[in-house]
Amino acid sequence: KVSLITRRFELKLAFLVTTQCAMCTVHLFPNHIMRRNEAHGQFQVLECETEYLHVSRKGVWVHCTLAHLQEMAMMQFHTSWLGFCGFVNHVIGRGESSVHRPWITCDERCVAGEEMQKMYVEHFACRLLMTHSMWATFQHEVAHCAHPGTSQVVQPGVSGGTKEHTCQECTHRKTYFSDFEDPDALAAAGVASMADDHDGALPAVCPLHTPWPFGVTGEGILQNARASADDMPEEGIHLSRTRLPVQADPGPGATCGWVHMAVMDSKTMVHRICTVKDCQGALVNYRHGRFCEAHITLARICGVDGCEVACVHKEAMTCDNAAHIRVYHRWCGQFSRESFLGVHRGLHTHHGTQADKGLPREGAPAPGQVQPQGVEVPPGDPVANLDLGHTFQARHIYCLQTLQWACGVPIGFGKCCGSESTPQVHSFISAMFPIPSSHPAFMCYDNACSLLRHMARQNIDEPWLDSIYFIVDAWHYINHQPANLLCWTCCNPSPRNGPQPYLLFQTTDPTTGHTQMARAFNAEAAEQLNGWLDGFEAQLRQMSDFNYGFTVQVALMLYKEKRGRQMASKGLTL
């Protein structure tokens, strides 16, 4: 006998029936198949379209409807598995409420949080395996896998089934100036609009079909990046800035291709990592730990930088040096006003004493920390430097880097540590698109000019320089310096810029009948995804490295399916 939560959310007693093959010793369960290997023990193969899920070793099973309801709650309300557990307890059992529910047909046993977590992991593990096309070949060893079906898909990488995505919002046919009604007037208007943006610094009439002074790719981009208005003659400043590469029209009978745009941005959604500088290892203890497995021995050393003396005792963070203890006290004082009473005391107390300044009292443990015992700090002890570096708390990653198509469908994600540096961003996009033939035609990034400059300086034969246009979205472009020649010429998002006619298309106003230009791609798709991810920020901040990657993968998968349904309802699929 087992406990079963039915599709009507009723808790009942049921009988579990399993079968076993007498020849190959395969054991069949409703949600998985157990195979035995003489060399490696038992292996489990998940059933990805199962009707029932096993959520507890105590014999608790749930219908897949409950898992689908949890998926909808996560999509619509950003609900965690623990919050959904509280909801289920109020629906099925008494939970925290004393109201009797007559529709309960069995005992009113509440669902434990561990059971909801296991349902969350098993359900979304199967969903991710199907999304990444791994469910047919995936199997794991039962004795050594704590999270079945997740270890191969939770790390930063490409979201399943998105590299081949195409739709009318992120993919368009190539557009040429000859396709417009008056291409010469359009190009002249584009130069005039750029002159207006720079307070008339550009002449209204200037050459439009002259090449760049140093070329478009390779060494030419590097020289354009080093060039500036300061080292050019005054009479050549305006002319050099208007020498933009102009697209050549295809010959008669040539086939027009397609243009794809990707959008990249960062989001400050962090999780904790090892406190040692330049180490990105996962913490051994995420409750109050500071070190990864490789640096766990440093927990017994004084936490002040440069000190190699052992701590006073096991739970202390500093040695018996009075100056180091004062540094620890000062750090603890930063968290003494986090409560309402602490803030109230800080606003209404006088200055001068240690208690008035919000510092912890001598001999009293700071909130959330362990005070070194058996060591007293002499009163009035002069300390030359209280700003010493320390390892009293774990560090965290800098940001979550996301990449999506211009329609909003996520491509993948990565992590940046320390800062959103151009080498890390370069490594991220190279991991997303390892083959040059898979590069999109355009990539929109708020710091595209610095990324382009980094690529040109590091490798003059960088494949990204010959296969893609990097542009800055219009929202961030207004804050870039006008004297940056590389950004002004190569990363200009203006749709009337000479080399980028793909960024616009010609439409007709249905009311007036006038022809007008519209942007072909949504360059703010990353900002919209970041706004949706805001609901998960509080949850992700407290997660481990593994759970962080798993939740982000699940969130991007749900967002991809949401955008797919929206585009299908509008008839925008290709």
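Not measured: the values here are computed from a predicted model.

Caption draft 1: Geometry of the pairing of strand E8 (residues 60-63). Burial of E8 is two-sided: the residues Val60 and Val62 facing one way and the residues Trp61 and His63 facing the other way are all buried. The pairing of strand E1 (residues 2-5) with E8 spans 3 bridges and is classified as parallel. Bridging from a neighbouring strand, Ser3 pairs with Val60 of E8. A loop of 3 residues connects strand E7 (residues 52-56) with E8, the two strands running antiparallel in sequence, and Gly59 in this loop sits at a positive phi of about 90°.

Caption draft 2: Spatial organisation of the packing of aromatic side chains. Summed over all chains, the structure comprises 12 aromatic pairs. A network of ring pairs unites the aromatic residues Trp405, Phe433, Trp464 and Phe470 as a single cluster.

Caption draft 3: Layout of the packing of helix H1 (residues 64-77) against helix H3 (residues 113-131). Two elements in contact, H1 and H3, have axes whose closest approach is 10 Å; the angle formed by their N-to-C orientations is 85°. Judged by the angle between their axes, H1 and H3 are roughly perpendicular. Residues Leu66, Ala67, His68, Gln70, Glu71 and Met74 of H1 form the contact with H3, whose participating residues are Met116, Met119, Tyr120, His123, Phe124 and Arg127.

Caption draft 4: Spatial organisation of the nonpolar core. Counting residues in hydrophobic clusters, the biggest one holds 46 residues, and the most contacted among them are Met264, Leu403, Ile429, Met443 and Phe470. Looking at this core, the elements with two or more residues in it are strand E11 (258-267), strand E14 (399-405), helix H9 (422-432), strand E16 (442-445), helix H10 (448-458), helix H11 (463-467), strand E17 (469-471) and helix H13 (485-490). Here this core gets 6 residues from one element, more than from any other, and that element is H10. Membership of the second largest hydrophobic core comes to 28 residues, among which are Cys417, Leu529, Phe550 and Met557.

The rules behind the values
- Residues numbered from 1 in each chain as written.
- Predicted model: local features only at pLDDT ≥ 70, side-chain atom pairs only at ≥ 80, totals over all residues.
- Heavy atoms only, no water.
- Buried < 20%, exposed > 50% of the residue type's maximum accessible area, 1.4 Å probe, protein only.
- Helix = DSSP H or I, 4+ residues; strand = E, 2+ residues; numbered from the N terminus.
- Pairing = 2+ DSSP bridges.
- Phe/Tyr/Trp six-rings, centres within 6.5 Å; stacked < 30°, edge-to-face > 60°.
- Axes fitted to C-alpha atoms, helices over the stretch in contact; angles between N-to-C directions.
- Parallel < 35°, antiparallel > 145°, perpendicular 65-115°, else oblique.
- Contact = heavy atoms within 4.5 Å.
- Core = buried A, V, L, I, M, F, W, Y, C linked by side-chain atoms within 4.5 Å.

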